[in-house]
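Here are the chains, one letter per residue:
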Amino acid sequence: MAIIAPSLLAADFLELGKACSMLNASEAEWFHLDVMDGVFVPNISYGIPIIEQIKKTTNKEMDVHLMIVQPEKYIAAFKQAGATILTVHYEACPHLHSTIQQIKAEGMKAGVALNPHTPIDVLKDLIFEIDVVCIMSVNPGFGGQKFIAHTYEKVKALKQLIVQHNASTLIEIDGGVTLENAAKLVAAGADVLVAGTTVFKATDPIQMIASLRNC
Ligand code: DX5
Ligand code: ZN
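A brief structural summary.

Procedures and definitions
Numbering of residues begins from 1 in every chain and follows the order in which that chain's sequence is written. Whichever chain is written first is A, and whichever ligand is written first is 1; the rest continue in order. Per-residue local features are limited, in this predicted model, to residues with pLDDT of at least 70; the limit for side-chain atom pairs, both in listing and counting, is 80 or more; totals at the level of whole chains, interfaces and linings are taken over all residues. Side-chain metrics in this entry use all non-hydrogen atoms of the structure; hydrogen atoms and water are not considered. Segments assigned H or I by DSSP are reported as helices when at least four residues long, segments assigned E as strands when at least two residues long, and all are numbered from the N terminus. Note on method: radius of gyration uses C-alpha positions; expected globular size equals 2.2 Å times residues raised to 0.38. The rule is simple: take the accessible area with a 1.4 Å probe, protein chains only, and divide by the maximum for that residue type; under 20% is buried, over 50% is exposed, in between is partly exposed. Two residues qualify as a contact provided that any one of their heavy atoms is within 4.5 Å of a heavy atom in the partner residue. For accessible areas, the Shrake-Rupley method is used with a probe of radius 1.4 Å. Any residue's cover is judged against the shown protein chains and nothing else. Only four residue types enter the charge count: Lys and Arg as positive, Asp and Glu as negative, with His and the chain ends excluded. A charged residue contributes its charge at one atom only: NZ of Lys, CZ of Arg, CG of Asp or CD of Glu. Excluding water, the donors of a metal are its N, O and S neighbours within 2.8 Å, or within 3.2 Å for Na, K and Ca, and that exclusion means sites may look incomplete. Irregular is the default label, applied whenever a site is not tetrahedral (four donors, all angles between 85 and 135 degrees) and neither square planar nor octahedral (four or six donors, opposite donors over 155 degrees apart, all other angles between 65 and 115). When a carboxyl oxygen of Asp or Glu is within 4 Å of a side-chain nitrogen of Lys or Arg, the pair counts as a salt bridge. Nearness is defined per residue: one heavy atom within 4 Å of the molecule or strand is enough. Any pair of N or O atoms that falls within 3.5 Å is considered a polar contact. Within protein, one atom must be able to donate a hydrogen and the other to accept it, and sequence-neighbouring residues count only if both atoms are side-chain atoms. For a helix, the expected span equals 1.5 Å multiplied by the residue count minus one. Each pair of strands is called paired provided DSSP finds at least two bridges between the two strands. Axes here mean lines fitted to C-alpha atoms, for a helix over just the part in contact, with angles spanning 0 to 180 degrees between N-to-C directions.

### A short note on the overall build of the protein
So, step 1. Counting secondary structure elements, the protein contains eight helices and eight strands.
So, step 2. In terms of C-alpha radius of gyration, the protein reaches 16 Å, essentially the compact-globule figure of 17 Å for 215 residues.
So, step 3. Across the 215 residues in the protein, those meeting the buried criterion constitute 53%.
So, step 4. A sequence separation of at least 24 residues applies to 64% of the contacts in the protein between residues at least 6 apart.
So, step 5. Summed over its atoms, the accessible surface of the protein is roughly 9,500 Å², and 54% of this surface lies on carbon and sulfur atoms.
So, step 6. When the 16 positive and 22 negative side-chain charges of the protein are each reduced to one mean point, those points stand 2 Å apart.

Next up, the structure:
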């Protein structure tokens, strides 16, 4: 059984309220919210005011994925907007340990995302401090991309690192998740599956969430 975190990036933004109601009625446990700044990634999505509105609709986990440079500047602002899990990119944080401590000090769970080219090993000295590791299975910036198959190896390596350190870190997979790869990802050790296109372009998104969850 996986935790499903639908990415609202793939929702119809003119019908965002309906998308939130659908997710609230579904078995999805987390809302996944992608924030892009046009600098760390070559795309701009949405930010704090939208997240504030989404938060008003739900009691589920607000899993905010920051694809921005200098994320440490906005930790308190995202807490105030309603984030319950705040994920920063390893590649954007020269003082990652300190950034994680700041996220936790604000009362949020701390996530670290790794780009496809970043090896798992870079987290070995702080894995026990991290609540969620988000393995990017596409290059961040856009929804609807093809899943990178090397991800399975990374999930296994990360699972080993977590077990070695007796840590309780969750493994989240982000990008190109479908019904075809979900079961294999969970078998490799994934705990949380982010799904944008697969959920929001499905004819029955609620059923799709249930199928992914029970994959
Ligand atoms: C990509 C984002 C993802 C994206 C996933 O940069 O981090 O969360 O919304 O979308 P799909 O599931 O369509 O690949
Ligand atoms: Zn994401």
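Next comes the rest of the write-up.
### Some thoughts on the coordination of the zinc ion (ligand 2)
So, step 1. The zinc ion (ligand 2) binds to the protein through His32 (NE2), Asp34 (OD), His65 (ND1) and Asp174 (OD); the donor distances cover 2.0 to 2.3 Å.
So, step 2. Coordination geometry of the zinc ion (ligand 2): the six donor atoms subtend angles of 70 to 169° at the metal centre, consistent with an arrangement described as octahedral.
So, step 3. Sequence positions of the residues that donate to the zinc ion (ligand 2) give the spacing H-x1-D-x30-H-x108-D. One end of the pair, His65, is in strand E3 (residues 61-67); the other, Asp174, is in strand E7 (residues 170-174), with 109 residues separating them in the sequence. Of the two residues examined, His65 and Asp174, each falls in the buried class.

### Considerations on the pattern of salt bridges
So, step 1. One pass over the structure, following the stated rule, counts five salt bridges.
So, step 2. Between Glu29 and Arg213 there is a salt bridge, with its nearest N and O atoms 3.5 Å apart. Of this pair, Glu29 sits in the loop between helix H1 (16-25) and strand E2 (30-36) while Arg213 is found in helix H8 (residues 205-213), placing the two residues 184 residues apart along the sequence.
So, step 3. Arg213 sits in the buried class, given a relative accessible area of 19%.
So, step 4. Ionic pairing is found between Glu129 and Lys104, a salt bridge with its closest N-O pair at 3.6 Å. In this pair, Glu129 sits in the loop between strand E5 (109-114) and strand E6 (132-136) while Lys104 sits in helix H4 (residues 96-105), placing the two residues 25 residues apart along the sequence.
So, step 5. In this structure, a network of salt bridges that share partners links the residues Glu27, Glu29 and Arg213.

### Here we look at the site of ligand 1
So, step 1. The environment of ligand 1 is made up of 20 residues, and the closest members are Asp34, Gly141, Asp174, Gly196 and Thr197.
So, step 2. Between ligand 1 and Gly144 there is a distance of 2.8 Å, counted from an oxygen atom to a backbone nitrogen or oxygen.
So, step 3. Here Gly176 contributes a backbone N or O atom positioned 2.8 Å from an oxygen atom of ligand 1.
So, step 4. Protein coverage of the free-state accessible area of ligand 1, which is 390 Å², stands at 98%.
So, step 5. When contributions to the shell around ligand 1 are tallied by element, the ones reaching two or more residues are E2, E3 and strand E8 (192-195).

### Notes on helix H5 (residues 151-164)
So, step 1. Here H5 is 14 residues long and its end C-alpha atoms lie 20 Å apart, about the 20 Å a rise of 1.5 Å per residue gives.
So, step 2. Residues of H5 that are buried: Thr151, Tyr152, Lys154, Val155, Leu158, Leu161 and Ile162.
So, step 3. Residues of H5 that are buried sit in contact with E6, E7 and helix H6 (179-188).

### Details of the sheet that holds E6
So, step 1. Read from one edge to the other, the open sheet built from eight strands follows the order E1-E8-E7-E6-E5-E4-E3-E2, with strand pairing classed as parallel. With partners counted over all chains shown, the strands left at the sheet margins are strand E1 (3-6) and E2, one partner each. Within this sheet the neighbouring strands show an average axis-to-axis angle of 25°, counted without direction.
So, step 2. Bridge count between E3 and strand E4 (residues 85-89): three bridges; the pairing is parallel. Opposite Val64, over in E4, you have Leu86 as the bridge partner.
So, step 3. Set on the sheet, H4 makes contact with E4 and E5; between it and E5 the angle comes to about 145°.
So, step 4. Contacts between H8 and the sheet are confined to E1 and E8, with E1 contributing the most and set at about 140° to the helix.

Take it as geometry only, folks, not as evidence of what the structure does.
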